[in-house]
Amino acid sequence: MLRADLNSYSGSQPVAAILVEFLDRLMVKPASSTMDDLVEAYVKATSRQKVLVVLDNVRDATQVRPLLPAQGGGSAALVISNDDLKGLTVRPGARSIRLLPLALHSAVKLLAETGGITIDANLAIAREVAEHSGCLPLALRIIGSLVKDGSHTLLQAKTLLEGTTSRLRKLRYDSSDERLDVEAVFASAHQRLSDDAKGLFWRLAVHPGPTISRSAVAVLIGGSGHESWIQELEELRSANLIEEPLEGRFALHSLIRSYAESHIEEQDEEEIVRTLTRCLDFLLHGARHCDRLLSPGRPEYTEYREEFPASAIGDVPEAMKWFEREYQTLASAFTSALRFGLHRHTRQLALVLVPYQWRTNRHEETVRMLTEIRDVADGSASFCEQSMIYRLLGGAYRSQGRPNLAMANAESALRKAEEGGEPRDISLSQNALAILCVESGDYQRAQRLFEESLPQLRGLGDLASAAISLHWLGQIHLDREDFPAAREHYDEAIDAFSQTTDMAGLASALYGRALLRLATDAGAEAMEDLRTAAEWYRHLGYTRNEARTLAALAPSLVASGLIEEARRTLTRAQALFQTINDTLDAEHRKSADAVETMLEELAR
């Protein structure tokens, strides 16, 4: 076996010198020391002998081509490079294998082997070191070498790597026989990029990450977002400076991101902010469209940029899938906007995420983001927008089972709305506060608030919000056992919701009317309402509400002799409750327990 480290990232070893070394090991004397004679002698020698040639740290195809053994003689070459070496992959029999960062357990193993570390006693620290190094083999070798030669302990290496801005400069190792330098590897690849690709590279570090779609890449460099081929992106892929962890979504390795961030410092500050603003506007364009599908009736108080092509997403399931793909990027975008003081973007990002967060039980994240924008909004947003933020915070605390905080924020929302004097905002805030009054047992205040908001909302043409008032007035009358009044309000609410796009509101009103019908011995009609409500909740992705509705449906199915449907209903409810088990409040926990009991009874 012949092996050479071309060390192309920190001062290349001359190819002629490597050929001389190889020929000496093969015991072959060239006709002269010219490059042509060295190559000719090397090709003849490797055609007569079966040799494995390992060539590491190769810069490009041109550099390594003279060192490749003869074809057809049984020899082979293993070429390792940070470049994709497309010039070599066209050779007969050539294979290209893209190596990804190591899995965490493999990274820890390599670190242990390189550094002579006993893992059992240092597992937690070794894992942290591996994570800080991005599980990159070269970085792990450097750290292992530093530990092995005694210049650092493993704990010191961990501390060394914890600073995100400085860790790249510290990932280097010099010894008498080799020089290892992560930053030099990246710099070598970056140096060979075109100016346009270099421009995309630093802009990718401005993008909040952790992943970015192809359309967002196009927008970064001034495109519309519909480009199918992006030359600069292909350059970065060829140089292994960007990964594609999911089809159509790209990411910078954590160490490469650190390197790219160092190039941001070279740019004009206005251009950096302009790039980030464009990133955020594009993300908000998609998020706002999906948010409108999930929450069609919620008011908007700030302007959104409309420069991007219309989204093709057309229904709730597609909107949920979009949010699922983009959620981590949107959450990172929120943090970036907050850090740069882009208050409009910060507020808009937090607000468009709320419907998705509620549907996926991310209430803690909702509270964190809304609290951040509330503190900023109190000094920069309109009274209407401040009121909406307080209303949403109240709703998030309500979902967390924290009624005191929910009530305090709902009261603040109404005060802000009254200060602003906008009739619709006052009515919406009255509704939000009235719902909490119902749940706390203050029916008198709740009824007064709903009855004040209802004519205002009808007069404003806000049918969906008026339907909410009607629905909850039905709930108040049901709890008071005034069944005729409850029926009248529920029927009006369902009729109103049916004329809107608020299908979550329709499902909720159907659930309420079903409880009324169960209380008045109208079991068959109640089952139809519950079936319809459950279907809407399933379609809309409201896991918690669907589970609760199915749990309410099952006893009626059993009583009607529909045992198989009851079993299917209970089995799905059980599966749904298990997916949200950690976030169940007392009411839903009770429903989940009832489901388990009914399933046990049916199994007997």
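Computed from a prediction, not measured in an experiment: that's the story for all the values here. As a convention, each chain's residues are numbered from 1 in the sequence order in which they are written. pLDDT decides what is reported in this predicted model: residues at 70 or higher carry local features, side-chain atom pairs at 80 or more are listed and counted, and totals for whole chains, interfaces and linings draw on all residues regardless. As a convention, hydrogens and water are excluded, and side-chain values are obtained from all of the structure's heavy atoms.

**A look at the packing of helix α1 (residues 15–25) against helix α2 (residues 35–48)**
Under the convention used in this document: To get an axis, a line is fitted to the C-alpha atoms, and for a helix only the part in contact is used. The angle between two axes follows their N-to-C directions and goes from 0 to 180 degrees. Secondary structure elements follow DSSP: runs of H or I no shorter than four residues count as helices, runs of E no shorter than two count as strands, and numbering proceeds from the N terminus. Oblique is the label for every angle not falling under 35 degrees (roughly parallel), over 145 degrees (roughly antiparallel), or within 65 to 115 degrees (roughly perpendicular). Helix crossings fall into two classes, left-handed where the near helix is turned counterclockwise from the far one by less than a right angle and right-handed where it is turned clockwise. Any two residues whose heavy atoms approach within 4.5 Å are treated as being in contact.
At a minimum axis separation of 10 Å, α1 and α2 run at an interaxial angle of 40°. When the interaxial angle is binned, α1 and α2 end up oblique. Crossing hand, α1 versus α2: left-handed. Taking contact as the criterion, the partners of V15, A16, L19, V20, F22 and L23 in α1 are, on α2, M35, L38, V39, A41 and Y42.

**Considerations on the state of the cysteines**
Which entries qualify depends on this criterion: The disulfide definition used here is simple: a pair of cysteine sulfur atoms within 2.5 Å. Remark: exposure states derive from per-residue accessible area (1.4 Å probe, protein chains only) relative to the maximum for the residue type, with buried under 20%, exposed over 50%, and partly exposed in between.
Summed over all chains, the structure comprises 0 disulfides. Free cysteine: C290, not disulfide-bonded; nearest cysteine sulfur from C279 at 18 Å. With relative accessibility at 1%, the residue C290 sits in the buried group.

**Side note on the pattern of salt bridges**
Think of it this way: side chains of opposite charge can pair up when their charged atoms draw near. Rule in force here: Within this document, salt bridges are pairs made up of a side-chain nitrogen of Lys or Arg and a carboxyl oxygen of Asp or Glu, the two lying within 4 Å of each other.
For the structure on display, the rule yields 29 salt bridges. For E234, the salt bridge identified is with R237, shortest N-O distance 3.7 Å. Pair noted here: E234 and R237 are both in helix α13 (residues 231–238), with a separation of 3 residues, about one helical turn. With a closest N to O distance of 2.5 Å, E528 and R531 form a salt bridge. Of the two residues, E528 and R531 are both situated in helix α26 (residues 523–540); the distance of 3 residues between them amounts to about one turn of the helix. Residue classification places E528 among the partly exposed positions, given a relative accessible area of 44%. A single salt-bridge network, built from bridges that share partners, covers D491, R513, R517 and D529.

**Concerning a nonpolar patch on the surface**
The test is simple: Here a patch means residues that are over 30% exposed by relative accessible area and free of salt bridges, tied together within 9 Å if like-charged and within 5 Å if nonpolar (Val, Leu, Ile, Met, Phe, Trp, Tyr). Each accessible area value is a Shrake-Rupley result obtained with a 1.4 Å probe; residue values ignore everything except the protein chains displayed when judging cover.
On the surface, M1, L52, L78 and I80 cluster together to form a nonpolar patch covering roughly 370 Å² of accessible area. Checked against the element boundaries, L78 lands in strand β3 (residues 76–81).

**Brief notes about the nonpolar core**
Nonpolar side chains tend toward joint burial in soluble globular proteins. Basically, it comes down to this: Joining through side-chain atoms within 4.5 Å is the link that ties buried Ala, Val, Leu, Ile, Met, Phe, Trp, Tyr and Cys residues into a set, and such a set is a nonpolar core.
In this structure, V182, F186, L204 and F323 are the most contacted members of the largest nonpolar core, which totals 132 residues. Take this core: its biggest share by element is 11 residues, from helix α16 (residues 316–339). Dropping the residues within four chain positions of it, L204 is found in contact with I212, V217, L220, L236, I242, L252 and R257. The next biggest cluster of nonpolar side chains, apart from the first, holds 25 residues, and it includes A534, A566, I580 and M598.

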